[in-house]
Amino acid sequence: MDIWLSVNNREEVMQIPVMPSSFSVSKTYKNETFETVSGKEILLMGPEALKTISWESFFPAEKNRERYAQSEYIRNRDMWGWDYIYTLDTWRQRKLPIRLIITYEHEDTPVNIAVAAESLSYEVGTDGDLRYSVSFRQVDLLGHETIIPWYDEEEIDMEELEALRAEVASLRTVIDAVANPFIYNYIDDNMPEWAKASVQKAMDKGVVQGEGGGLNLKYDDLRHIVMLDRAGALG
């Protein structure tokens, strides 16, 4: 088993040096219970809440480098002791979402999610090693609170920040369009000019008849109708 933490698309990568004997995954569900007038309880099953993953292990101290030189269970010798604490604290201060990957040899990766550090506690042993426990909570990178880390102006160029915000706004527009597609019920100003003539042909041929109070066409429907027209299928 290996545990990897990284930020900014692997700009910085940390491999946990000593694997814990186990890790814990906590999953909860947002169920709601209501009581009827007659006193009967009704349970509404809600969606799954964000996961929490935690484990305990230790970070070997640099002064013990020679002692661990031949230890097969030490997975990472690029960092020692306080380096791990400093890195995790720095990521937290910068409000960076962390990519957590837990792998098993010859098996599919059971964990590959974006997380934020929720708690980190540690103590220094008499040998200098840092015994710690850590907990991470899953984050939704498309959520309003997690998609943009809020930096101080001194930490990031404002031009870059504005460009990032514009990109995020564009992505949200695309997501909203997918979740709530615009419906074209009439050949009017809302319909793109490039589609009007083809839609009129499709109506004249009876290919498009509409439903209810309008044509009920989505954007992809317009594209398909125009493609049919250009292929000569509408005369």
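Conventions we followed
- Residues numbered from 1 in each chain as written.
- Predicted model: local features only at pLDDT ≥ 70, side-chain atom pairs only at ≥ 80, totals over all residues.
- Heavy atoms only, no water.
- Core = buried A, V, L, I, M, F, W, Y, C linked by side-chain atoms within 4.5 Å.
- Buried < 20%, exposed > 50% of the residue type's maximum accessible area, 1.4 Å probe, protein only.
- Helix = DSSP H or I, 4+ residues; strand = E, 2+ residues; numbered from the N terminus.
- Contact = heavy atoms within 4.5 Å.
- Expected span 1.5 Å × (residues − 1).
- Arc of directions from axis to C-beta.
- Pairing = 2+ DSSP bridges.
- Axes fitted to C-alpha atoms, helices over the stretch in contact; angles between N-to-C directions.
- Patch = residues over 30% accessible without salt bridge, like charges linked within 9 Å, V, L, I, M, F, W, Y side chains within 5 Å.
- Areas by Shrake-Rupley, 256 points an atom, 1.4 Å probe, with all protein chains shown as cover.
- Salt bridge = Lys/Arg side-chain N within 4 Å of Asp/Glu carboxyl O.
- Phe/Tyr/Trp six-rings, centres within 6.5 Å; stacked < 30°, edge-to-face > 60°.
- pLDDT = per-residue confidence, 0-100.

Enquirer: Talk me through the nonpolar core; I want residue IDs and the actual numbers.
Expert: Core analysis: the largest hydrophobic core is formed by 26 residues, its most contacted members being Leu5, Met14, Ile16, Trp55, Trp91, Leu100 and Phe136. Elements represented by at least two residues in this core include exactly β1 (2-7), β6 (52-59), α1 (82-93), β7 (98-103), β8 (111-124) and β9 (130-138). Those residues in contact with Trp91, other than ones at most four positions away along the chain, are Leu5, Ser6, Val7, Glu12, Met14, Leu96 and Ile98. Grouped together as the second largest cluster of nonpolar side chains are twelve residues, Tyr184, Met191, Ala202 and Val208 included.

Enquirer: If you had to explain α1 to someone new, which residues and values would you point to?
Expert: Here α1 contains twelve residues, and its C-alpha end-to-end distance of 16 Å stays within 8% of the 16 Å for a straight helix at 1.5 Å per residue. Tyr84, Ile85, Thr87, Leu88 and Trp91 are the residues of α1 that are buried. Along α1, the residues classed as buried sweep out an arc of 165 degrees about the axis, all on the same side. Counted as exposed and oriented over 90 degrees from the buried face of α1: Tyr86 and Gln93.

Enquirer: How would you summarise helix α4 (residues 219-230) if you had to cite specific residues and measurements?
Expert: The end-to-end C-alpha separation of α4 is 17 Å, in line with the 16 Å expected for twelve residues at 1.5 Å each. For α4, every residue scored as buried is listed here: Leu222, Ile225, Val226 and Asp229. The arc that holds every buried residue of α4, seen down its axis, measures 100 degrees, which confines them to one face. Along its buried surface, α4 packs onto α3 (193-204). Looking one or two residues beyond α4, the residue adopting positive phi is Gly232, at roughly 90 degrees.

Enquirer: Please provide a residue-by-residue account of the sheet that holds β9, values included.
Expert: Read across the sheet, seven strands follow the order β2-β1-β7-β8-β9-β6-β3 without closing on themselves; strand pairing throughout is antiparallel. At either margin of the open sheet sits one strand with a lone partner, and together these are β2 (12-15) and β3 (23-26). Neighbour-to-neighbour, the strand axes of the sheet open up by a mean angle of 30 degrees, direction not taken into account. Both β8 and β9 contribute to a ladder of nine bridges, which runs antiparallel. By the bridge assignment, Ser119 is partnered in β9 with Ser135. Along the sheet, α1 makes contact with β1, β2, β6, β7, β8 and β9, crossing β8 at roughly 125 degrees.

Enquirer: Please set out a nonpolar patch on the surface residue by residue, giving values where relevant.
Expert: On the surface, Trp82, Tyr122 and Val124 cluster together into a nonpolar patch covering about 320 Å² of accessible area. Mapped onto the elements of the fold, Val124 is located in strand β8.

Enquirer: Quick one: what's the story with the pattern of salt bridges, residue by residue and with numbers?
Expert: Considering all chains together, one arrives at ten salt bridges under this definition. The salt bridge involving Arg131 is made with Asp127; its shortest N-O contact spans 3.4 Å. Under the relative-accessibility criterion, Asp127 is labelled buried at 19%. In this structure, the salt-bridge partner of Glu193 is Lys196, at a minimum N-O distance of 2.8 Å. Here Glu193 pairs with Lys196, and both are found in helix α3, just three residues apart, close to one helical turn.

Enquirer: How would you summarise the side chain of Thr87 if you had to cite specific residues and measurements?
Expert: Topologically, Thr87 is positioned in helix α1. Given a relative accessible area of 15%, Thr87 falls into the buried group. Residues contacting Thr87, with those up to four places away along its chain left out, are Met14 and Met79.

Enquirer: Summarise the packing of aromatic side chains; cite the residues concerned and give the values.
Expert: For the structure on display, the rule yields six aromatic pairs. Taking 6.3 Å as the distance between ring centres and 40 degrees as the angle between the ring planes, the aromatic pair formed by Phe58 and Tyr68 counts as tilted. With a gap of ten residues between them, Phe58 in strand β6 and Tyr68 in the loop between β6 and α1 connect regions that are remote in the sequence. For the pair shown, Phe58 and Tyr68 are each scored as buried. A centroid spacing of 6.4 Å and a plane angle of 75 degrees characterise the contact between Tyr68 and Tyr73, whose relative ring orientation is edge-to-face.

Enquirer: I'd like a description of the confidence of the model for the protein chain, backed by residues and values.
Expert: Looking at the protein chain as a whole, its pLDDT mean stands at 80, while 79% of the residues score no less than 70. Confidence over residues 144-155 falls short of pLDDT 50; this stretch has 21 contacts with residues more than four positions distant or in other chains.

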